[in-house]
Every structure is written in structure tokens, then in C-alpha cells.
Protein chains: 4
Amino acid sequence: MTTPVIILNGASSSGKSGIVRCLQSVLPDPWLTFGCDSFVDALPARMRAADGGIVFDADGGVSVGEDFRALEAAWAEGIVAMARAGARIVVDDVFLGGAASQQRWRKALGDLPALWVGVHCDPTVAAGREIARGDRTLGMAAQQARMVHEGVAYDLEIDTTHTESLECARVIAARVSRIGGPGRVASAG
Amino acid sequence: MTTPVIILNGASSSGKSGIVRCLQSVLPDPWLTFGCDSFVDALPARMRAADGGIVFDADGGVSVGEDFRALEAAWAEGIVAMARAGARIVVDDVFLGGAASQQRWRKALGDLPALWVGVHCDPTVAAGREIARGDRTLGMAAQQARMVHEGVAYDLEIDTTHTESLECARVIAARVSRIGGPGRVASAG
Amino acid sequence: MTTPVIILNGASSSGKSGIVRCLQSVLPDPWLTFGCDSFVDALPARMRAADGGIVFDADGGVSVGEDFRALEAAWAEGIVAMARAGARIVVDDVFLGGAASQQRWRKALGDLPALWVGVHCDPTVAAGREIARGDRTLGMAAQQARMVHEGVAYDLEIDTTHTESLECARVIAARVSRIGGPGRVASAG
Amino acid sequence: MTTPVIILNGASSSGKSGIVRCLQSVLPDPWLTFGCDSFVDALPARMRAADGGIVFDADGGVSVGEDFRALEAAWAEGIVAMARAGARIVVDDVFLGGAASQQRWRKALGDLPALWVGVHCDPTVAAGREIARGDRTLGMAAQQARMVHEGVAYDLEIDTTHTESLECARVIAARVSRIGGPGRVASAG
């Protein structure tokens, strides 16, 4: 049995998107990918900069309102429903609430197994990559580096500071088929 | 009672995306939007140009394979699940299979009501807008203009040839609150 | 003799970019296109939101600083140099300074002839298209609608309110070969 | 005296764009950036896939025609004219013709000094980054890795295989102020 859902959590500019594209390349079956970026794209424009929506502060902070949380919860249920309907799914998320964010996904998942992957990157290196990308508010990488992992339990943790996206993807792909077996219990600590 | 799902169907370059953004602006509640473009973005890169995936021919034709159809069905079930979980959803689709495409959505919807909107545009005008956009394979607008509407039943049909996106959105928004009432039966032709 | 440079001036969301892509399609020779958007893309990220650079206010206003003006002047000289070196060029600009902006281009052009095209659009319609595009600060279209044309002299003026981009492009293309002849003097009033 | 032009040459996915954005961040003065990507964006859509234009083969090969070369030469003259008019310029290019490409830039530059920077990356690593980016034809990185550097003389060569973009940018920035002095003669090989 293989896991139908892989959930990657890491700070902005930690390298998740590149890993996801490599995962879709190395995994033999087709996997769909969704994440906080595609969720924000699905919102009305006014919610990307307003009360009740998501706010990107000038210093890199991000805050979200109630309407955002309610829509996000419904969205997560739908993503899980896709997996229940037979699609394999990679989620690329930023757990701004740390353990509470993971708990929201666990609630949506119910008894559906998932491979939880923590994506780390040295904050100084991530801040440099944020400059190199040129499309992110500077400061997000540093602000989020620790908080997104607080209290979160993983099956697997990777670090992109000195490892390429494709290599990280191969490490994750090697674990996909073993989910549900004894390996998971041992590493979930 | 208001409908939780609006489904727009129309050929490439008929103006659906602009209408969706205007709908998200004029509707007082926040609506999420998904569609064939965001679905294709979620696919592995290799499925955008390979057997079993989606193929954009040089002359504007589009064909899809079995893997694509299976993932698309699971995706549609997930979109409907978001609506069942409380999110309002606007779907922006191209019914390449005409009535069969609508039937796939009906199956995913089950007893959940939807507002079906047909988006038309004079094929010559749509072909001109395809050139003006600059990011689409030329010929798609003309090829799809009729086929996507074959055998499809609508609650409402709009024509963007001489009507701006915002005005179209207002016409659709005015119908949102009446779905489920007698107006729908009368117009479902 | 044909003019080597076409300069389109109009407010944000008046439809210039679509016209430019159609012009590149209908003109038999290859024309390069540059404009205020590609110039801003060439700037350091910090100048898009800082003193000395360009500032997009929340209400749609745009202001620029000295460094911006100096780089913009050097950029315009370079664009004209491309035309002197044999490339045909379409410029897509927003004359935030009205007649003063045109004067800056005239200075860069020297004795090189240009076809000056004013692109108009009803401000209410442009504001609706701004919403439909979804990627612009709301309010820019309305703020700029009149000011960009103040004191500017044109060879040709077009209105996109009820005319498609491709049709506008055909009208402009028909004028390209007559530049420098008597037709220009008559219409430049 | 500082050099007014920095020219980076390297294969697709070797990391030039990220270095350019970091350069624009670390250099105290504002520098404009242009390159083969922005040049291709300025072309008519039909030249991106036609005779006389640029062709991206399915296997990652790239070939260009006469019209393309003529426009590219005029474009390069214009970029140099911007520098002569006082703008500092970073060029991000792929020398598909190796030494011949450099010769074309030397001709456009005339007596204007430039800092020539070779950007290298292990082909296997670059191929992995090509997958991670997801927006490039697979195979370009490997095909171009060696050919773009054949016979090209540099003031400075950097390798992105194990070095972050920001660090590469700092190494280049440290050389900017010394151009024209004795350091250049020594390293220009």
C-alpha cells in the first residue's frame, strides 16, 4: 500500500516548490499538486490585502483572518476528497500556525494516511534565495524559518541548504511506498 | 437559499477568466475559483505534452488521455467537496466533450445545485482576442467555439462579443440568489 | 519610406498591450516591442517600492523619483538607438507627465520619425477591465484616463471602448507606411 | 572609474537570473537588467516558433534564423547605447555561438568597457534544476553546458554548483569597481 498524500511543510523560500516539481517528475504515477500559493490564487483579489483575508506585511509577516481560515478549511477537505477519489496529491504548505496547522490537516485527512515531510533551510541561505527569486516580500523566509515547524511531527525531514531539489525529491519518493508500514511509527517521533 | 456552485463553460478566449474575476469582485461573499487552467497547472509537467495527458496541437486542437480523465474526475469530486464543506465555488471550464463533460460534472455534483452558465463569443472576435492575449495557441478559439456547447443545458447564457466582463458578471450575480427557485426550472430549457 | 517607431500612449487598462500584440501579428515585418512595463521589470526590485523609484499608491496613483527618471531617459535613448540600428520598434507607454513625457521621447528621437498613437477608453469601461485583469492596482485606470493625454499631439487616435484590439491594430498598421508623407502633417493637429 | 556593463554568459539553468537579481540588490547604484529572455519577449509571437525566428526543439536544442540575428544585433546596439547614456547595465545572455556571440557584443560595445563573467554549473546539477524550475524544455541545460563557453574570454568565472546566487553576486560586485585598472589585464586571459 502506498500513501495517497504527501504534505510538505516549510518556510517561504525553503525550496518546497522545486522539490514538488521534481517529485512529480521522479514518481512513476501522476501526482497532482496543490498548496498555499494555488489556494491564494483561488481567492477574490480583495482578500489578498484586506481584513478577513491574508495580509503580507512590509516586513515579511503574514496574517490571515476568519474568512480566510473558513475557506482554507473547506479547501483542505476538498483536497483530501480528491485523494479519496483516487488522485495522488502532493501538498506544498506553510504551517503559519505550527502544530495547529498540522492539526487542521489531520482533521481533514481523517483516517487517510499521509507522509509528513518537514523542509528546512538555513535562514541566512533562505533569505539569500528570497532575493534571488525576486518575487517575494523580503523577510518572510527569516520570519517563518522556525515558527512553521514548532510542534509539528514528521515522517521525514530534509534540509535544502546543501542538497539540490532533485536529490530531496528522490529521498521523499523512496519513502512513499513504505508509508503505513513499521517505518512510519519509528520515524514519526 | 443560494447556489454554492457556478459553472461557466465556454471556448478558449471567450472571456471566462475575466468574468470570473469580476464575479469575485461583485459578489458580496468570498467565492473561490478553480478551472481547467488551474487543474492543468497541478499536473506533472510531462502530462502537459504526452500520452495519457493533454496535448495542444499546433493547429489549436486539444486531446486528452485516460490518466488525464481519471485525475480530472477525482479533481472535480474534490471541488464539489469544497462546496459541500461550505465554500462557494466558481468553476471556469472548457467542455471539450460537450454534453458528456456536463454529465461528468453532474455526477460529481450529485444533489448539490449549480448555476450553469454558457459563455459565447463570435468566433472571429474570439480569434482576434486570442492574438491580443499572446499566450494561447492560435486556432483554439475557433476550433472550440461550437463544440463545447453541443448538447449542454444552461440556466443562463451570455455573449461577450459586445458585452464587457463586468456587465456579464453582474448578470450572473443577479441570478445567484434565485437558484433552486422556480426561475431555474423555467430557464433550464 | 516607413516609420521605424510607433509610440502608443494611453492610461493603464486602456488596451495598449493587446493592440501591440495584434500589431506584431498584422505587420508583415518583425517589430520589437518595449514599454513602461518591461522597463519596470528591468529595475532593481527595491526601486519598485522606494524613494527614487516608482511607487504604486493604494488608491491607484503612481509617482516616480529622480533615479527613475534618469534611468528612464537612458533607456529611451537606447530604444531609439535600436531603431537607428535597423530594428522596427513599438513602444507601449503611459505618459504620466502628459506633454512633458512626449517631449522626453521627442528629445530621444531627434530626427527619427515616429507614429504617435493616442489610445483612449471610456474610464468606466477601463475600470471594469482593470477588475477583469485582476493584476493591477484598482483605481489606476480612472486616475490616468485624462492626465496621460494632456497636451499630447498625435498622428492617430483610437478608442478601445467599442473596438477590438485587432481592429485597432489594423487601423494603426494602415498608417505605418504613410508616415513622413503629407498625411502626417494633416493629422498631427 | 567603474565599468558600466556586466555581461553574464552561461547555459540555461546555470543560475544567471538569480545572480542578476542579487547583483541588483547588492550593488549600491541602480542597475538595469536585460537579457536573451527579455529580448525574446519583445519579439512577435510568430518568431518564437518559426523560420527566421527562434526554435526550441523537443530535445532542448535551440536554433535561430537570420531575422532573429538582425534584430538581436540592433537590440544589442541599443543596450550599449543605454550604457553610453549613463545607465548601468547587467546583461544575462546565453552565447549559443560561443566566441562568435562574444564578438557580436564586442562589436556593439566598441570602446565601452565591460566585465565579462562566465557562469558555470555542473551539467547534472543544472539538469536537476531545470526539472525543479518546471518552465524550461528539458535538455537545454545539458546541451548548452559546454558550447556556450567555447572560446569565450572572461574577466571572472563563477560556478553555481555549490555556491548560492547571493554569494556569486558578491564576488562579481567586488570586481565591478576595479574594471579598467590593472586587475582586469591580469585576469582577462
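All residue numbers here refer to positions counted from 1 along the written sequence of the relevant chain. Lettering for chains starts from A, numbering for ligands starts from 1, and both go in the order in which the items are written. In keeping with the model being predicted, local features are shown solely for residues with a pLDDT of at least 70 and side-chain atom pairs are shown and tallied solely at 80 or more, while totals for entire chains, interfaces and linings include all residues. Where side-chain values are given, they derive from all heavy atoms of the structure, hydrogens and water being excluded.

1. A short note on the overall build of chain A
Stage number 1. Going along the chain from the N terminus, every DSSP run of H or I of four or more residues is numbered as a helix, and every run of E of two or more is numbered as a strand. When its secondary structure is counted, chain A shows eight helices and seven strands.
Stage number 2. Each radius of gyration is computed over the set of C-alpha atoms, and the globule rule expresses the reference value as 2.2 Å times the number of residues to the power 0.38. Here the C-alpha atoms of chain A give a radius of gyration of 16 Å, agreeing with the 16 Å that 2.2 N^0.38 yields for 189 residues.
Stage number 3. Counting only C-alpha atoms and orienting by the principal axes, one finds that chain A spans roughly 45 × 35 × 30 Å.
Stage number 4. Whether a residue is buried, partly exposed or exposed follows from its accessible area with a 1.4 Å probe, protein chains only, as a fraction of its type maximum: under 20%, in between, or over 50%, in that order. Relative to its full complement of 189 residues, chain A shows a buried share of 53%.
Stage number 5. For chain A, the exposed surface amounts to about 7,800 Å²; the carbon and sulfur share of it is 53%.
Stage number 6. Put simply, chain A has 18 plus and 22 minus side-chain charges, and the middle of one group is 5 Å from the middle of the other. Here, Shrake-Rupley sampling with a 1.4 Å probe gives the accessible areas, and only protein chains in the shown set may cover a residue. Positive charge is attributed to Lys and Arg, negative charge to Asp and Glu, and no charge count is given to His or to the chain ends. By convention, the point assigned to a charge is CZ for Arg, NZ for Lys, CD for Glu and CG for Asp.

2. Points about the relation of the copies chain B and chain A
Between the two copies of this chain, the relationship is a rotation about some axis together with a displacement along it.
Stage number 1. Residues reaching a pLDDT of at least 70 in both copies supply the C-alpha atoms on which the copies are superposed by least squares. When chain B is fitted to chain A, the best match, at an RMSD of 0.0 Å, comes from turning it 180° and sliding it 0.0 Å along the axis. Put plainly, the chains are arranged around a two-fold axis. For chain B, the smallest separation between a C-alpha atom and the rotation axis is recorded for G78 of chain B, amounting to 2.1 Å.
Stage number 2. An overlap of 100% is found between the interface residues of chain B and their copies at the interface of chain A, pointing to a shared contact surface. Only heavy atoms matter for contacts: two residues are in contact if any of them lie within 4.5 Å across the pair.

3. Describing the relation of the copies chain C and chain D
Stage number 1. Of the two same-sequence chains, chain C is brought onto chain D (RMSD 0.0 Å, axial shift 0.0 Å) by a rotation of 180°.
Stage number 2. Counting the interface residues of chain C, we find that 100% of their copies in chain D are interface residues as well, pointing to one common contact surface.

4. Considerations on the interface of chain C and chain D
Stage number 1. Counting from both sides, the interface comprises 27 residues of chain C and, opposite them, 27 residues of chain D.
Stage number 2. Taken together, the two surfaces of chain C and chain D that pack against each other cover about 2,100 Å², and 69% of this comes from carbon and sulfur.
Stage number 3. Every case where a carboxyl oxygen of Asp or Glu lies within 4 Å of a side-chain nitrogen of Lys or Arg is listed as a salt bridge. Between the two partners, chain C and chain D, sit zero salt bridges.
Stage number 4. Under this definition, polar contacts are N or O atom pairs within 3.5 Å; protein pairs additionally need one hydrogen-donor-capable and one acceptor-capable atom, and for neighbouring residues in sequence, both atoms have to be side-chain atoms. Counting across the chain C and chain D interface gives twelve residue pairs in polar contact (both at pLDDT 80 or more).
Stage number 5. Looking at the side of chain C that touches chain D, the elements that each hand over two or more residues are α1 (16-26), β2 (31-35), α2 (36-42) and α3 (66-84) of chain C.
Stage number 6. The dominant element in the side of chain C that touches chain D, judged by the number of residues it contributes, is α3 of chain C, at nine residues.
Stage number 7. Three classes are used, and their members are as follows: Ala, Val, Leu, Ile, Met, Phe, Trp, Tyr, Cys and Pro are nonpolar, Asp, Glu, Lys and Arg are charged, and the others, Gly among them, are polar. Looking at side-chain class alone, the side of chain C that touches chain D contains 19 nonpolar, four polar and four charged residues. Two parts placed together each lose some accessible area under a 1.4 Å probe, and adding up what both lose gives the buried area.

5. Details of the interface of chain B and chain A
Stage number 1. Chain B puts 27 residues into the contact, and the matching count from chain A is 27 residues.
Stage number 2. Between chain B and chain A lies a buried interface of about 2,100 Å² when both sides are counted; carbon and sulfur atoms form 69% of it.
Stage number 3. Contact with chain A buries surface across chain B, with P30, L32 and R46 of chain B losing the most and accounting together for 25% of the total.
Stage number 4. Joining chain B to chain A, the criterion identifies zero salt bridges.
Stage number 5. Where chain B packs against chain A, one counts twelve residue pairs in polar contact (both at pLDDT 80 or more).
Stage number 6. Elements with a contribution of two residues or more to the side of chain B that touches chain A: α1 (16-26), β2 (31-35), α2 (36-42) and α3 (66-84) of chain B.
Stage number 7. Take the side of chain B that touches chain A: its biggest share by element is nine residues, from α3 of chain B.
Stage number 8. Classifying every residue of the side of chain B that touches chain A gives 19 nonpolar, four polar and four charged.

6. A closer look at the pattern of salt bridges
Stage number 1. With the rule as written, the count across this model stands at 28 salt bridges over all chains.
Stage number 2. The salt bridge involving E72 of chain C is made with R69 of chain C; its shortest N-O contact spans 2.4 Å. Here R69 of chain C and E72 of chain C lie together in helix α3, a separation of three residues that amounts to about one turn.
Stage number 3. Judged by its relative accessible area of 16%, E72 of chain C falls in the buried class.
Stage number 4. Of the charged contacts in the structure, one is a salt bridge between D135 of chain C and R133 of chain C, with a shortest N-O distance of 3.7 Å.
Stage number 5. Here D135 of chain C falls in the exposed class, since its relative accessible area comes to 52%.
Stage number 6. In the salt-bridge network here, residues are joined through shared partners; they are D37, R133, D135 and R136 of chain A.

7. Re the environment of P44 of chain A
Stage number 1. With respect to the secondary-structure elements, P44 of chain A resides in the loop between α2 (36-42) and β3 (54-56).
Stage number 2. With residues near it in sequence (within four places) discarded, P44 of chain A still touches Q24, P30 and W31 of chain B.

8. Details of the state of the cysteines
Residues and elements named next belong to chain A.
Stage number 1. By definition, disulfides here are pairs of cysteine sulfur atoms that lie within 2.5 Å. Using the criterion set out here, one finds zero disulfides over all chains in the structure.
Stage number 2. C22 takes part in no disulfide bond, and the closest cysteine sulfur to it belongs to C168, at a distance of 8.8 Å.
Stage number 3. C121 carries a free sulfur, and the closest cysteine sulfur to it, the one in C168, is 9.7 Å from it.
Stage number 4. For C121, a relative accessible area of 12% translates into the label buried.

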